[in-house]
Structures are given as C-alpha cells and as structure tokens.
There are 2 protein chains.
Amino acid sequence: MAVGVAKFPSMPEIAGLRLGIAQAGIKTPDRRDLVVIEVPQGASLAGVFTLNAFCAAPVTVAKQHLAEQGSGVDSARYLVINTGNANAGTGQQGIEDAQATCRELAQLAGVKANAVLPFSTGVIGELLPMSRLLAGLPEAFSSLSQSAEAWSAAGEGILTTDTRAKGATRTLDVNGATVTINGIAKGSGMIKPNMATMLGFVATDANLAPEVLESLLRESVATSFNCISVDGDTSTNDACLLISTNQGARIEGQEALARFGAALDDVMIELAQAIVRDGEGATKFVTLDVEQASSRQEALDVAFTVAHSPLVKTALAASDANWGRILAAVGRAPVDNFDVAAITIDIGDVRIVEHGGRAASYTEAAGSAVMADDNITIRISLGRGADAARVWTTDLTREYVAINADYRS
Amino acid sequence: MAVGVAKFPSMPEIAGLRLGIAQAGIKTPDRRDLVVIEVPQGASLAGVFTLNAFCAAPVTVAKQHLAEQGSGVDSARYLVINTGNANAGTGQQGIEDAQATCRELAQLAGVKANAVLPFSTGVIGELLPMSRLLAGLPEAFSSLSQSAEAWSAAGEGILTTDTRAKGATRTLDVNGATVTINGIAKGSGMIKPNMATMLGFVATDANLAPEVLESLLRESVATSFNCISVDGDTSTNDACLLISTNQGARIEGQEALARFGAALDDVMIELAQAIVRDGEGATKFVTLDVEQASSRQEALDVAFTVAHSPLVKTALAASDANWGRILAAVGRAPVDNFDVAAITIDIGDVRIVEHGGRAASYTEAAGSAVMADDNITIRISLGRGADAARVWTTDLTREYVAINADYRS
C-alpha cells in the first residue's frame, strides 16, 4: 500500500556526477542492490547521520571518512550503498567489513580508501556477505553514468521494504545559467525525526562553499526529513548527504542563496513526503500543522505526540473522525501549563475542538466527510505564541503489523 | 485476546465498605454499567489522577471534592463510576453533568454533594445520557453490599473494551488481627505511565493516618500502574483511589507499615499486570528489566522507549527474536553519552547483545525458543550505575489495530 500515485521524475544530468549499479545478491539474487556514486575532484560533501547510539558500522566509517576530508582535491570521491543488509549491530567485524568495502572500491578507482563513504540499509545484526558484495563492485564501477537511467536505477537500488523509488528534481536560473538539484531517497518504516531508516542523497552542480553546503543541509533537513514519522522508530543507519560537484554556476549573494535554499527545500520535502506516502501499510497521508506555540520545539513536541499516537493512527486508518483521540493526544504532549480552553483543532476545514471540548459547530457528517480523503490535514492551534511546526505522518493499519510481524527487516 | 488465564479472586469483606451496581443503559442496554462504592464516616481517601491537560470533567470534579474533604467525619462517602461514556471533551456541560450526578447520589444517601467523587470511562466527547444515568442511581444505591459478589459485580461493571474483570486481594496479620486489601481495576488500551485509561479502586479496613495513605498510594503507583504500557497513549480519565475504612487494626511502626506497603504493592502490581495481560489484542506479556542505570528516570526512559517501539512490539507478536530492533530501540532512548559497548541485552536466559553487537554465543534457535513463550522477559543492563526499573507491556498485533480501527472507543 502507498498513498497517491508513484512517480519518479526524469532526472537531468548533474555535471561531474555519475552513478553505477550492480546485482550483488546481498539478500536476494534477483535484484540490483549495490549502488556507487562518483563525484569529481573538487566536489563538496556534507552529511547528517542517525543519532541512534547503536549506529551502524557504515555510519561510523562514513562520518570518520567525511571528517578526514579537506575541500577541493582532497574531497571524498565515492559513495557506496548496499541494500539487503544494514551492517548494524555487527561490532568490530562490521567496522572492518565497511572499511574493506571502501578499500576495494578505492583500489578499483585509484583513490585513497578514506575517499569512499559507505552506506548500508536492510536487516540489522547479520554480517555483510563480503565475498558477494566485493564481487559486485567492478560491475557497479564499470556502469557509472550521468544519465537519467542511472539516476532511476540508483533510486531503485537503494530500496528495502519501499514499494516505489523516490526521486525529486528542481532547476533554477542563476545569472543566466541553469543549476540543477537531484535527489533520491529510501525509507518506509522505522521513520521518525532524526533520520530514521532513511537514506537520502541529494546532489547539485552548483558551486557552493563547503560551509554553506553544511548549513544548507542542516536547515533543509530540519523542515523535511526530520519532520516525518511513520512509526516513531529511529534507525541505526540513517544518513542524508548533500553533494555539490561545483562544476556549475557559483551561488553568491543573499538572493541567489535564498532561491537555491528554497529549491533545495522543495527537493528535500518532496523526498520526505514520498517516504511518508510509501509508509509501511499507509493508506493516509497526514499533515500536522501546529500553530501559535511558544517555541518551535513545543510545536514539534505536540505534532509528534499526535503523530505517534497509535489511537489517532488507527482512527485515521478507519477514516473515523474520532476527535476525542486527537484531543487526548494533544493533552498528553509534554507542554507545561497547557490552557486547553485556548486550543483549537481542525481537520481540513472542519473545526473539531474549541473551548476545551467538541466544537459547537461540529457534526459527525462533516467529520466523516473530511476524514474520507486520502490526504488529511490536522491543524492544532495552541494559543500560546507565534511559533509553528509542520509534520507529516501516516495511519496505522493491519498491513503495517503484517509487514513488520511477518518479515525480518 | 488476552495473555494467560482469567481469574477474579473471591474478595473478603472490607469492614465498612459496600458496593452497588445498576444497569443504566448508558451505552448499551444489556450490561451493568453503573457502580456505587460507599465508605463509612471516618474513612480516609487518597487519589492520583491523569496528567492529561484535557482531563475529563469527572476528574476535575473528583479532584475538587477530594481537596475539599477533611479527614474523619468530613471524609468523602461515595464513589460513583459509570462506564460507556468518559464525559471527556465535553466542556462546561460535562462539568455540570458530573456535579449533577454527585448531587443526585448525595440526595439519595443524605450526604453533601462534595462527599461524592465521580468517575467515568468510555467514549470521549459525547455528553453523558443524564436521564438514564440518574435513573440508574437508586438501583445502584439500594443494592449496596459488602459481599464477594458485590466486589465481582463492581469489577465487571467498570470495564470497557476489557475482556475480563481484574481483581486482587491480600490479607496480612497485624498484632493478631487480620487486615484485608482488595482492589479492582479496568483498562486494556490507551495504557501508559501516569494512569492511562485506567481506573483502580483499592480499599483496606486498616486504620491508617491520611498522610500515610497518600504516600503509600504514590509509592505503590510508581512501581505498578505507572510502569505499564500497552500503546503509549494516556487517557483523559485515569484515576486510582486508595481507601482505608479505618475500621480494622491500626498500622503503626516501621515494621507493620513496611509489611502493609508490601502487601499493597502486591495488590497494585497484580492489578497493573492484569491490565497488561488484557491489553487490546495482546498475545504476549512482556517484562522489561532495565538495570545498571545512572538514575531510575534513565532506566524508565530506556524501558519505555523499548516498550513503545512498534517494531519491537510487532516482532514480539511474531515471536521473532529480532534482537536488532531491541538494540535499535535502546540506542534511540534519550540517554546522554551512551556507551553501547557496556550494554548487554538478554531475552529470558539468552544473551542477545554484548560489546555493541550480537552476542557471540547467540543462535537463532535459542532466540526463537525463548520468544515462543507467552511470557517474555527482556533484561537490559546499561553498565552506567546502580538504578533500575521494571516495566510491563504487550505485543502489537493485527487484532489491536482491528479493535481500534473498527470501534469508536
């Protein structure tokens, strides 16, 4: 199940960036499961990673290799991503396997081992099948290409329980030159703020100072990948990389930087929303808008308390406008001195809660009508201040339980 | 579904306490849904209530009436409990309805209105059917009895989606006299710390100073009702009352107080565990023991992070020893400077995690064997200190989703 129509855009080329793919047979023999991304000398890379204390071996190694990079000629040159196995909970052997993967690709490419950043997704706690993985690297390396087909193959090659590939692209004009931003992502469960089982790789040909790249990534992630939740679980493997090949137009000045940032946000939000739409067992795409909070953190706390409530999520699955469950979830959010009389809650354009109880204007018929849609917006106004947050989530269905009870993922 | 065998003990009488029940037709015409508990003049009462900001009208009124009581002759005299309707999210009308219920019972009994404490459980956001509720009060009042049958009828009369009544009883010898503690409780979903949709009424004939009763209740709740979770949701209506009729032996001195406290803990924990065993759709009863934490709060944080993880709970439903999901949940607990190398995790007597990854001794066969049981203990040792917490929870099944998606509760 997934909400809405699948679409993977045709990606323009990003000057200097190539993608390759192979069928390594990491978990199953019949799918392409190994992706290599090549970036040119002089590229810049920024990354954000899971906050899970049990982070996976590739996260440890990728962070270390990224920290060892300078800018310019010493930048990282390759990303290697396998699906089917997360190389998490694998102790010292996992670290050695991630390093061996980097060494092998570095040798093929004629670069240093720490110019390679490894990423893994899939089952936790099993050792990588290293002979099969390493045997797949030459095929992935030799297939490197800038083409739209390479982007879509890579989009497919990083999936796990996802039902569809997730890609987004934007172009913008900078002083008469076209700048492109492409992104691919994976993730459908274990999704919550701070990067839950998701991988995101976003690249641009724009020429950006490394420190600008870093802050662009952090700002964009804060309102996209860190504002989604499927089940409140956070993975050991999450990572989001932003790459600039620096071969296109230079982004300078406030105006150009703001336009670039907005386009980057568009790509990141489209990818983040695609992850929610493909949430395990999802039949609803839910936007939670929390307004009039006294801080952004407070707004996020309320939004995620509602987003994680199994009773709200099962009501959404049933298209039941059980506003009492939304009210109860808001009421248990970690907010001091909540004045419930000041809170209003709307589903779409139907006011459901005001003055501490059900809105006088509310009718079951209106509630049922607005809940019948696949796309539902719940707006919660706290009456405490001027801060806000927007979070996306899904319903909780029998299918979610079936997926996660029946499969070892 | 529920875990284990249903049993409601035969309750000894509590001197001075009587229970009555009626069929008021609050939600459905065919069940007894209105309970009255009478306590004698000179009884002491202590209560703890939901922290949900949208607390229900009866919670507001019960807290107010409890605060207005003195001890001795001015103590509260009646509890009135309806199921089928929570009188929550009902605004000012809800408050007036709860007060009217108190007034009506007070008139029947010849006491002041604030000597009555109201409690409600059931659907949120609908007004109480006051004419039916008030019409049921004389029947409940006239059926007041000290008998074991009255206790079991009251245990049945407070249920909602529960599949079984929950009762526990203990006696202890105090200076040659027998002291009795009886308790009944309800709750099966929306269960998490701080009193999620649960009602608990525990009574003793022991003679206890009111301030002692209050601290006994708080201490006992902290390791019983506040250490359980079915789905992480917290209700608008939770309350737990501890009543001493003060007509039995006086509990004096450290030794007698400690023995009484231990017996009270036994009753509270048995009731709390019964709620978990009857968790909506539950097929597993899971004990989470977190040890070697640097504070009790830290231990509770880790325990509840695991207890609330949908991925852990679905793995439990599948009897899948997917230890990677437990590791991932522990890793995302809100603990600073986690040293994952110091953490060990065991399921039953099977070590699953050590040295930051899967235990060397672990085998799938051993993991599967220990997960096949209905009763599972997960022990997580953090290697950080000397504090601990024990929390009880359930698995997450398709049946849970079916119950909560199909019924308006």
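Residues numbered from 1 in each chain as written. Chains lettered and ligands numbered in written order. Predicted model: local features only at pLDDT ≥ 70, side-chain atom pairs only at ≥ 80, totals over all residues.

Peer 1: Tell me about the overall build of chain A, and name the residues and values.
Peer 2: Helix and strand counts for chain A stand at 11 helices and 16 strands. Against the compact-globule benchmark of 22 Å for 409 residues, chain A has a radius of gyration of 22 Å, which places it among compact chains. A principal-axis box enclosing the C-alpha atoms of chain A has dimensions of 70 × 50 × 35 Å. (Helix = DSSP H or I, 4+ residues; strand = E, 2+ residues; numbered from the N terminus. Rg over C-alpha atoms; globule rule 2.2 N^0.38 Å.)

Peer 1: Can you explain the sheet that holds strand β10 (residues 239-244) of chain A? Please cite residues and give values.
Peer 2: Within a sheet, each strand pairs with its neighbour through backbone hydrogen bonds, oriented either parallel or antiparallel. Residues and elements named next belong to chain A. Strand order in this open sheet of 5 strands is β3-β10-β8-β7-β6, and the pairing throughout is mixed. Across the chains shown, the open sheet's two edge strands, defined by having one partner strand only, are β3 (44-49) and β6 (166-174). Between one strand axis and the next, the sheet turns through 10 degrees on average, direction left out of account. In terms of strand pairing, strand β8 (residues 199-204) meets β10 through 6 bridges, oriented parallel. (Pairing = 2+ DSSP bridges. Axes fitted to C-alpha atoms, helices over the stretch in contact; angles between N-to-C directions.)

Peer 1: Just give me the short version of the interface of chain A and chain B, but keep the residues and values in it.
Peer 2: Across the boundary between the two partners, chain A contributes 48 residues, which contact 48 residues of chain B. Breaking the side of chain A that touches chain B down by element, the ones donating at least two residues are α2 (91-109), α8 (310-317), α9 (323-331), β14 (357-358) and α11 (398-406) of chain A. It is α9(A) that provides the largest number of residues to the side of chain A that touches chain B, a total of 7 residues. Looking at the side of chain A that touches chain B residue by residue, the class counts come to 20 nonpolar, 20 polar and 8 charged. (Contact = placed C-beta atoms within 7 Å. Nonpolar A, V, L, I, M, F, W, Y, C, P; charged D, E, K, R; others polar.)

Peer 1: Would you mind going over the sheet that holds strand β11 (residues 285-293) of chain B in detail, with residue names and values included?
Peer 2: Residues and elements named next belong to chain B. The strand order across the open sheet formed by 7 strands is β9-β16-β11-β15-β12-β13-β14, and the pairing between neighbours is mixed. Taken across any chain shown, the strands that pair with only one partner, and hence form the sheet edges, are β9 (228-229) and β14 (357-358). On top of the sheet, helix α9 (residues 323-331) reaches β12 (344-347), β13 (350-354), β14 and β15 (375-381); it is set at about 135 degrees to β12, its chief contact.

Peer 1: Describe in detail the environment of L257(A), supporting the description with residues and values.
Peer 2: As for its position among the elements, L257(A) is in helix α6 (residues 254-277). In the structure, L257(A) is positioned 12 residues away from I269(A) in sequence and 18 Å away in space, judged by C-alpha atoms.

Peer 1: I'd love a proper account of the domain arrangement of chain A, names of residues and values included.
Peer 2: Residues and elements named next belong to chain A. For chain A, the domain assignment lists domain 1 (18-277) and domain 2 (285-406). Using C-alpha coordinates to define each centre, domain 1 is positioned 33 Å away from domain 2. Each partner contributes to the interface: domain 1 provides 12 residues, whereas domain 2 provides 11 residues. Split by residue class, the side of domain 1 that touches domain 2 holds 6 nonpolar, 5 polar and 1 charged. (Domains from an automatic or database assignment.)

Peer 1: I'd like a description of the relation of the copies chain A and chain B, backed by residues and values.
Peer 2: For the pair chain A and chain B, the superposition axis carries a translation of 0.0 Å, the fit reaches an RMSD of 0.0 Å, and the rotation angle comes to 180 degrees. In the structure described here, the two chain copies are related by an operation that fits a two-fold rotation axis. Of every C-alpha in chain A, the one belonging to R398(A) sits nearest the axis of rotation, 2.5 Å from it. Both copies contact each other with a shared surface, as 100% of the interface residues of chain A are interface residues in chain B too. (Least-squares fit on C-alpha atoms with pLDDT ≥ 70 in both.)

Peer 1: Describe the packing of helix α1 (residues 57-68) of chain B against helix α2 (residues 91-109) of chain B, and please don't skip the residues or the numbers.
Peer 2: All names here are of chain B. At a closest axis distance of 8 Å, the pairing of α1 and α2 adopts a crossing angle of 55 degrees. Between α1 and α2, the interaxial angle falls into the category oblique. The hand of the α1/α2 crossing is right-handed. Where α1 approaches α2, its residues A57, P58, T60 and V61 are matched on the opposing element by G94, I95, D97, A98, Q99 and C102. The class makeup of the residues in the contact of α1 with α2 is 6 nonpolar, 3 polar and 1 charged. (Parallel < 35°, antiparallel > 145°, perpendicular 65-115°, else oblique. Left-handed = near helix turned anticlockwise from the far one by under 90°.)

Peer 1: Just give me the short version of α6(A), but keep the residues and values in it.
Peer 2: Compared with the 34 Å implied by 1.5 Å per residue over 24 residues, the 34 Å span of α6(A) between its first and last C-alpha is a close match. What α6(A) keeps buried is the set F260(A), A263(A), L264(A), V267(A), M268(A), L271(A), A272(A), Q273(A), A274(A), I275(A), V276(A) and R277(A). (Expected span 1.5 Å × (residues − 1). Buried ≥ 20, exposed ≤ 12 C-beta atoms within 10 Å, placed from the backbone.)

Peer 1: How would you summarise unusual backbone geometry if you had to cite specific residues and measurements?
Peer 2: Negative phi characterises most residues that are not glycine, and trans characterises most peptide bonds. All names here are of chain A. Phi is positive for N246, close to 65 degrees, though the residue is something other than glycine. Mapping N246 onto the fold places it in the loop between β10 and α6. Judged by C-beta crowding, with 25 C-beta atoms within 10 Å, N246 ranks as buried. Of note in this structure, S319 is not a glycine but carries a positive phi near 55 degrees. Here S319 lies in the loop between α8 and α9. The class of S319 is partly exposed, set by 19 C-beta atoms lying within 10 Å.

Peer 1: Go over the packing of helix α5 (residues 210-222) of chain A against α6(A) with me, naming the residues and quoting the values.
Peer 2: All names here are of chain A. It is the contact of α5 with α6, at a shortest axis distance of 9 Å, that shows an interaxial angle of 50 degrees. By the criterion of interaxial angle, the relationship of α5 to α6 is oblique. In this structure, α5 crosses over α6, and the sense of that crossing is right-handed. Contacts between α5 and α6 involve L216, E219, S220 and V221 on the former and, on the latter, G261, L264, D265 and M268.

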